[in-house]
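The residues making up each chain are set out below.
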Amino acid sequence: MKRNRMAYIKKNWALYLFLAPALLSVFIFNYIPMYGVLIAFQNFSVTKGIWGSDWVGLAHFTSFLTSPNFLQIFLNTIKLSSYELLIGFPVPVILALMLHQIRRSGIKKNIQLVIYAPYFISTVVIAGMLFLFLSPAGPINGLLGLFMNKPVSFMSEPDYFRTIFITSGIWQGAGFASIVYVAALSNSDPQLHDAATIDGASLLQRIWHIDLQVLKPVMAVLFILAIGGIMGVGFEKAYLLQTDRNLPASEIIDTYVYKRGLLAGDWSFGAAVGLFNTVIGLVLLATANQVVKKLKGETLY
């Protein structure tokens, strides 16, 4: 086996030569900096450096896990990402299936342009739009004023934060995420649809038994990746939408790390919390990969 592999590499050395710069770049910028996680086990001092700082072992991890707000921050992260995955994951699939049914290329391109556009809007601009439209004097409250006596403080109430965060995220990213599924559906054999139509299959039956079967492998891989990133909710948007009043629902691990690690200058504690977050994400990724492998036979490795 090893001889065959070495023979293949020797035969295709030119391809590996082209691959070398990318591998070198990943090694330099992704793997070498990993030694920085050592500060999670130290009382890091800038003057002493990584190798001169005092070691404290798991003290920062223990401090985070036993802190009064740990459960709230952890649950906020899990809830936001889980709801976003459960609600948002099927939307790009549905959009792709709908686009696949449009036969006129001109209309299809115009629709794709409209649904892809929000993805290219900056997160800062999205947050500003949400504050503008959902403010007490904004257009949404203007419409609600026809039925209610006082405006609703959408951006200040914790109960509305998750709904605003998830729905705005779906609006912004679902269209662009559907590109992968649209590309996969291009491999769908039109003759199967023609044969199914002749046999009397309805549109929904053709989608279920033909189109979705084509999308299954892609959906499995993307679902595994989404599970792996479930602890990474999206720092920028969560931080930009935070207010003092909605903090009980908007404070997640990423924003907590930013405040404690960078703003407060507690580098070691922030690194420990970030490492904890990464390890949880890695465990979820490996678990989801094995579950999907047993159920559907699709896997990342």
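Procedures and definitions
Residues numbered from 1 in each chain as written. Predicted model: local features only at pLDDT ≥ 70, side-chain atom pairs only at ≥ 80, totals over all residues. Heavy atoms only, no water. Helix = DSSP H or I, 4+ residues; strand = E, 2+ residues; numbered from the N terminus. Rg over C-alpha atoms; globule rule 2.2 N^0.38 Å. Contact = heavy atoms within 4.5 Å. Areas by Shrake-Rupley, 256 points an atom, 1.4 Å probe, with all protein chains shown as cover. Phe/Tyr/Trp six-rings, centres within 6.5 Å; stacked < 30°, edge-to-face > 60°. Buried < 20%, exposed > 50% of the residue type's maximum accessible area, 1.4 Å probe, protein only. Lys NZ or Arg CZ within 6 Å of the ring centre and 35° of its normal. 1 Å grid on protein atoms, 1.4 Å probe; cavity = no way out; pocket = protein on both sides within 12 Å on 5 of 7 lines; lining within 4 Å. Points joined across faces, edges and corners; volume = space filled by probe spheres on them. Nonpolar A, V, L, I, M, F, W, Y, C, P; charged D, E, K, R; others polar. pLDDT = per-residue confidence, 0-100. Axes fitted to C-alpha atoms, helices over the stretch in contact; angles between N-to-C directions. Parallel < 35°, antiparallel > 145°, perpendicular 65-115°, else oblique. Left-handed = near helix turned anticlockwise from the far one by under 90°.

### Here's the deal with the overall build of the protein
Assigned secondary structure in the protein consists of 15 helices and two strands. Computed over its C-alpha atoms, the radius of gyration of the protein comes to 24 Å, more than 25% above the 19 Å expected for a compact globule of 301 residues. The C-alpha extent of the protein, read off along each of the three principal axes, is 80 × 75 × 35 Å. Summarising the internal contacts of the protein: among those between residues at least 6 apart in sequence, 63% fall at separations of at least 24. Summed over its atoms, the accessible surface of the protein is roughly 18700 Å², and 69% of this surface lies on carbon and sulfur atoms.

### Remarks on the packing of aromatic side chains
What the rule picks out here adds up to 18 aromatic pairs. Their ring planes at 75 degrees and their centres at 5.5 Å tell us that Phe 89 and Phe 223 sit as a pair that is edge-to-face. Pair noted here: Phe 89 is in the loop between helix H4 (70-88) and helix H5 (90-100) and Phe 223 is in helix H11 (residues 203-228), with a separation of 134 residues, a long-range link. You can call Phe 223 partly exposed: its relative accessible area is 31%. Ring-pair connections join several aromatic residues into one group, and the members of that group are Phe 64, Phe 70, Phe 74, Tyr 256, Phe 269 and Phe 276. For Arg 260, the ring lying beneath its charged end belongs to Phe 269, and the centroid distance is 4.0 Å.

### Focus on the layout of surface pockets
Its boundaries defined by the atoms lining it, the largest pocket holds a volume of some 920 Å³. If you trace the largest pocket, you find 28 residues lining it, with Glu 84, Gly 169, Gly 173, Ala 174 and Ala 177 closest to the centre. Counting only elements with at least two residues in the lining of the largest pocket, the list comes to H4, helix H9 (158-185), H11 and helix H12 (235-240). When residues of the lining of the largest pocket are assigned to their parent elements, the largest contribution, ten residues, is made by H9. Taken together, the residues that form the lining of the largest pocket break down as 16 nonpolar, nine polar and three charged.

### Quick word on helix H14 (residues 253-263)
Turning to H14, its buried residues are Ile 253, Thr 255, Tyr 256 and Gly 261. Immediately beyond the C-terminal end of H14, within one or two residues, lies Gly 265, with a positive phi of roughly 75 degrees.

### Re the environment of Ser 153
Topologically, Ser 153 is positioned in the loop between helix H8 (139-144) and H9. Sequence separation between Ser 153 and Asn 141 is twelve residues, and the spatial gap between their C-alpha atoms is 8.8 Å. Setting aside anything within four residues of it in sequence, one finds Ser 153 in contact with Pro 136 and Tyr 160.

### A few points about the confidence of the model for the protein
Counting all residues, the mean pLDDT for the protein is 86, and 97% of those residues have values of 70 or more. Taking the mean pLDDT of every element in the protein, the minimum, 77, falls on helix H1 (residues 2-11) and the maximum, 92, on helix H7 (residues 123-133).

### A few points about the packing of H5 against H9
Where H5 meets H9, the closest approach of the two axes is 7 Å, and the angle between their N-to-C directions is 55 degrees. Classified by the angle between their axes, H5 and H9 sit oblique to one another. The way H5 lies across H9 gives a crossing that is right-handed. Along its contact with H5, which presents Val 91, Pro 92, Val 93, Leu 95, Ala 96, Leu 97, Leu 99 and His 100, the element H9 presents Ile 170, Ala 174, Gly 175, Ala 177, Ser 178, Tyr 181, Val 182 and Leu 185.

### Focus: the environment of Asp 199
By secondary structure assignment, the location of Asp 199 is in the loop between helix H10 (190-198) and H11. Judged by relative accessible area, which is 68%, Asp 199 ranks as exposed.

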